[in-house]
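Here's the letter readout for the chains.
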Amino acid sequence: MSNFEALTEAIIKADIKKAVEETQKSLDAGTEVQDILDNGLISPMDEVGARFASGKMFVPQMLRSAKAMQECMALIKPLFLEQDINFKGKVVIGTVKGDLHDIGKNLVSMMMEGAGFTLIDLGVDISADAFVEKVKETGADILALSALLSTTMPGMKETIDALQAAGLREKVKVMIGGAPVSESFAGQIGADSYAPDAGTAVMEAKKLLGLS
Ligand code: B1M
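Scope of this entry: the structure provided in the associated data block. (Residues numbered from 1 in each chain as written. Predicted model: local features only at pLDDT ≥ 70, side-chain atom pairs only at ≥ 80, totals over all residues. Heavy atoms only, no water.)

So, about helix H9 (residues 198-208). Because each turn of an α-helix spans 3.6 residues, side chains separated by three or four positions end up pointing in the same direction. Every buried residue of H9 is accounted for by Ala198, Thr200, Ala201, Val202, Glu204, Ala205 and Leu208. Note on H9: the residue one or two positions beyond its end, glycine 210, has a positive phi of about 65 degrees. (Buried < 20%, exposed > 50% of the residue type's maximum accessible area, 1.4 Å probe, protein only. Helix = DSSP H or I, 4+ residues; strand = E, 2+ residues; numbered from the N terminus.)

This is how it looks when you write it as structure tokens:
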């Protein structure tokens with residue numbers, strides 16, 4: 001694992017210029033993109049979350065740290081997409097209604113695209129009906145739902161119920177993810193799969209479509 005001390009500090013302090021410079025430095029030094037992502041970008045966001053939870057950091061600061069992380073992710077995204085791309089399946093993805101968190105969802109989207117899936121990213125605050133409409137319109141193979149708030153998790157069950165009501169539940173596999181979500185919650189709401197992180201999301205998606 002490389003040393004990401006300066007990048008970590010830049011993300012926590014939301015120094016976008018420094019964070020982008022440090023990411024570029026790591027790339028120039030030949031550091032594995034996965035290492036930069038896991039240890040240079042995701043890990044400081046965990047620290048940001050911990051500081052927020054303990055009252056040492058507030059929403060505007062958290063937002064600026066998120067912005068710094070996103071700017072760095074923009075630098076590494078092309079490298080993920082350079083990988084060998086074969087069409088694997090169509091995935092509709094979005095963050096459920098009432099929830100504006102999109103960094104993790106974007107990461108999942110990016111990794112899946114890099115692995116050869118076609119992504120239709122609806123963004124954040126997506127209602128059950130909007131998900132159902134898009135699944136119907138695109139004939140998606142997988143619907144990937146993200147939630148970062150315990151209060152928005154019920155939106156996942158509502159979406160699955162709405163798919164059922166529209167007669168689409170048997171036609172599309174449903175994956176869920178996000179920090180408060182768990183394997184047992186996936187079971188409770190009748191999702192087909194749960195992924196704790198973006199890498200696992202790719203593996204699970206392949207499994208769901210019988211590609212691995
Ligand atoms: Co918010 N926030 N936030 N926030 N925020 C959390 C989630 C929180 C845990 C912080 C805390 O208290 N410790 C807490 C939620 C508590 C709870 O409900 N359990 C929280 C809160 C309370 C809030 C507000 C209510 C704060 C307020 O206003 N009082 C508010 C809600 C706004 C809303 O959504 N309606 C809010 C707002 C915000 C910002 C806007 C400031 C900003 C989001 C910016 C953005 O996303 N564009 C923000 C941020 C940045 C965070 C933290 C610090 C970081 C989230 C993140 O991006 N992590 C977060 C604390 C934390 O998680 N450490 C926190 C990095 C990201 C790569 O990880 O999103 O977990 P993650 O994604 C992972 C996996 O979960 C998984 O793969 C990803 C990559 O490995 N995954 C999937 C995610 N989606 C998936 C979908 C899949 C599969 C896997 O599909 C199949």
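Further notes follow.
Right, let's get into the layout of surface pockets. Reported here for the largest pocket is a volume of approximately 1200 Å³. Of all the secondary-structure elements, those providing two or more residues to the lining of the largest pocket are helix H3 (33-53), helix H4 (59-81), helix H5 (103-114), strand S3 (142-146), strand S4 (173-177) and H9. With ten residues, H3 is the single largest residue contributor to the lining of the largest pocket. The residue makeup of the lining of the largest pocket, split by class, is 28 nonpolar, nine polar and six charged. (1 Å grid on protein atoms, 1.4 Å probe; cavity = no way out; pocket = protein on both sides within 12 Å on 5 of 7 lines; lining within 4 Å. Points joined across faces, edges and corners; volume = space filled by probe spheres on them. Nonpolar A, V, L, I, M, F, W, Y, C, P; charged D, E, K, R; others polar.)

What follows concerns the sheet that holds S3. If you trace the five strands from one edge of the open sheet to the other, you get S2-S1-S3-S4-S5, paired in parallel fashion. A single partner strand is all that each edge strand has here, and the edge strands are strand S2 (118-121) and strand S5 (193-195). Neighbour-to-neighbour, the strand axes of this sheet turn through a mean angle of 25 degrees, independent of strand direction. Most of the contacts of helix H7 (residues 154-165) go to S3, to which it runs at about 155 degrees, and overall it touches S3 and S4. (Pairing = 2+ DSSP bridges. Axes fitted to C-alpha atoms, helices over the stretch in contact; angles between N-to-C directions. Contact = heavy atoms within 4.5 Å.)

In this section: the pattern of salt bridges. Working definition: two side chains of opposite charge can pair if their charged atoms are close together. Applying the stated criterion to the full structure yields 13 salt bridges. Here aspartate 125 makes a salt bridge to lysine 97, at a shortest N to O gap of 3.7 Å. Taken together, the positions of aspartate 125 in the loop between S2 and helix H6 (128-138) and lysine 97 in the loop between strand S1 (90-95) and H5 put the pair 28 residues apart, joining distant regions of the chain. Residue aspartate 125 is classed as partly exposed on the basis of its relative accessible area of 33%. The shortest N-O distance in the salt bridge between glutamate 133 and lysine 136 comes to 3.7 Å. Placement of both glutamate 133 and lysine 136 in helix H6 is noted, with a separation of three residues, approximately one turn of the helix. According to the relative accessible area criterion, glutamate 133 is partly exposed, its value standing at 44%. Each of Lys18, Glu22 and Lys25 takes part in a single network of salt bridges with overlapping partners. (Salt bridge = Lys/Arg side-chain N within 4 Å of Asp/Glu carboxyl O.)

Turning our attention to the nonpolar core. If you look at the biggest cluster of nonpolar residues, it comprises 41 residues, and the most contacted ones within it are Leu7, Ile11, Leu37, Leu41, Ile76, Met112 and Met175. Those elements giving two or more residues to this core turn out to be helix H1 (5-12), helix H2 (16-28), H3, H4, S1, H5, S3 and H9. Considering each element in turn, this core owes the most residues, seven residues, to H4. In contact with leucine 41, other than residues within four places in its own chain, are Leu7, Ile11, Thr23, Ile36, Met69, Cys72, Met73 and Ile76. Grouped together as the second largest cluster of nonpolar side chains are 27 residues, Ile120, Val132, Leu168 and Ile189 included. (Core = buried A, V, L, I, M, F, W, Y, C linked by side-chain atoms within 4.5 Å.)

In the vicinity of the ligand lie 34 residues, with Leu100, His101, Asp102, Ser146 and Ser150 positioned nearest. Leucine 100 is positioned such that a nitrogen or oxygen atom in its backbone is 2.6 Å from an oxygen atom of the ligand. Between histidine 101 and the ligand, the recorded distance is 2.8 Å, taken from a side-chain N or O atom to a nitrogen atom. Comparing atom positions with the cavity grids shows the ligand to sit within the largest pocket. Elements represented by at least two residues in the shell around the ligand include exactly H3, H4, H5, S3 and S4. Residues that form the shell around the ligand fall into these classes: 21 nonpolar, nine polar and four charged. (Near = heavy atom within 4 Å. Polar contact = N/O pair within 3.5 Å; in protein donor to acceptor, adjacent residues only side chain to side chain. Sits in = over half its atoms within 2 Å of the grid points.)

To continue, consider the packing of H1 against H3. For the pair H1 and H3, interaxial distance at closest approach is 9 Å and the crossing angle is 40 degrees. In this view, H1 runs oblique relative to H3, as classed from their interaxial angle. As for the relative orientation of H1 and H3, their crossing is right-handed in sense. Contacts between H1 and H3 involve Leu7, Thr8, Ile11 and Ile12 from the first element and Ile36, Asn39, Gly40, Leu41, Pro44, Met45, Glu47, Val48 and Arg51 from the second. Within the contact of H1 with H3, the residues separate by chemical class into eight nonpolar, three polar and two charged. (Parallel < 35°, antiparallel > 145°, perpendicular 65-115°, else oblique. Left-handed = near helix turned anticlockwise from the far one by under 90°.)

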